[in-house]
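Each chain, letter by letter, is given below.
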Amino acid sequence: MTTIWVSAVAAQYRLSLDEMEIVLRGCPDELWEASMWEVSADGGPVTDPDGRPFDDPAVSERKLRAQGAVWRTAYHALFFTDADLSAMETDWAPPAPFSPHDEDWYVVPPTYSREQLLGYVDHCRRQADKLFADLTDDQGAAQLPMWHRGAGTDSLARQLVVGVYHLPLHSAQVRTFLRSQGVRCADD
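Each residue is numbered by its place in its chain's sequence as written, counting from 1. Under the rules for a predicted model, residues below a pLDDT of 70 receive no local features and side-chain atom pairs below 80 are neither given nor counted, while totals for whole chains, interfaces and linings still include all residues. The basis for every side-chain value is the complete set of non-hydrogen atoms in the structure, without hydrogens or water.

Colleague: Could you clarify how one ought to interpret the layout of surface pockets in this entry?
Modeller: To find leftover empty space, one rolls a probe the size of a water molecule over the atoms. Here a cavity denotes grid points, spaced 1 Å and computed from the protein atoms alone, that fit a 1.4 Å probe unable to get out, and a pocket denotes an open set having protein on both sides within 12 Å along at least 5 of 7 lines; residues with an atom within 4 Å of a point are the lining. Grid points are joined across faces, edges and corners, and a volume is the space filled by probe spheres set on the points. In this structure, the second largest pocket spans a volume of roughly 170 Å³. Taken together, Thr3, Trp5, Val6, Val9, Phe132, Leu135, Thr136, Asp137, Gly140, Ala157, Leu160 and Val161 form the lining of the second largest pocket. Runs of H or I in DSSP of at least four residues are treated as helices and runs of E of at least two as strands, each being numbered from the N terminus. Among the elements of the structure, helix 1 (4–26), helix 5 (137–141) and helix 6 (156–180) are those that each provide at least two residues to the lining of the second largest pocket. Of the residues belonging to the lining of the second largest pocket, the class tally is eight nonpolar, three polar and one charged. Gly counts as polar in this scheme, as do all residues outside two lists: the nonpolar Ala, Val, Leu, Ile, Met, Phe, Trp, Tyr, Cys and Pro, and the charged Asp, Glu, Lys and Arg.

This is the structure we're talking about:
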């Protein structure tokens, strides 16, 4: 039996995924790859998903700027939402064309399209529906598996609550950036 707490967290995920969809649809093409903030190379060189640095300095600079891009910020939020909603799956990987290495340190994947990210929003909705349909307190109390970034320190329930803040944070960053550029989303 689903508790009121599970229902409340599930509802927040649905609202947050709806918000992400709104800002993705509202972002004009000319701002899709725009960097929302300055990104520093202090953490090391940007690499492709196989860990190889880019030989061309212009490509490396473009990839570095992409770390703060609208599409990249949205992808980052969706990637970790998917990982958290799928935390108890032993063989989790994001759906194609996304890579489990896309979020490795300073990896910048190929620019994902609006359609790809909207498809990822739909995928996350399905994952949320599947997880929250019959999530019990005992399942929520389970420790995260070793593949998950919160392994050994977090329960599934705690990680899901963290995700309730993470996803809307990044949606709000995108919306704020769009507003600063004079763009209003459909619900503004």
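Colleague: Please clarify how the pattern of salt bridges should be interpreted in this entry.
Modeller: If the charged atoms of two oppositely charged side chains come close together, the side chains can form a pair. A carboxyl oxygen of Asp or Glu within 4 Å of a side-chain nitrogen of Lys or Arg is what we treat as a salt bridge. For the coordinates displayed, the defined rule picks out 14 salt bridges. A salt bridge links aspartate 188 to arginine 179, with the nearest nitrogen and oxygen atoms 2.7 Å apart. Type-normalised accessible area, obtained with a 1.4 Å probe on protein chains alone, sets the label of each residue: buried when under 20%, exposed when over 50%, and partly exposed for intermediate values. Accessibility expressed as a relative area gives 41% for aspartate 188, which makes it partly exposed. Taking relative accessible area as the criterion, arginine 179 reaches 42% and is therefore assigned partly exposed. Connected through salt bridges with shared partners, the residues Asp18, Glu21, Arg25, Asp122 and Arg125 form a single ionic network.

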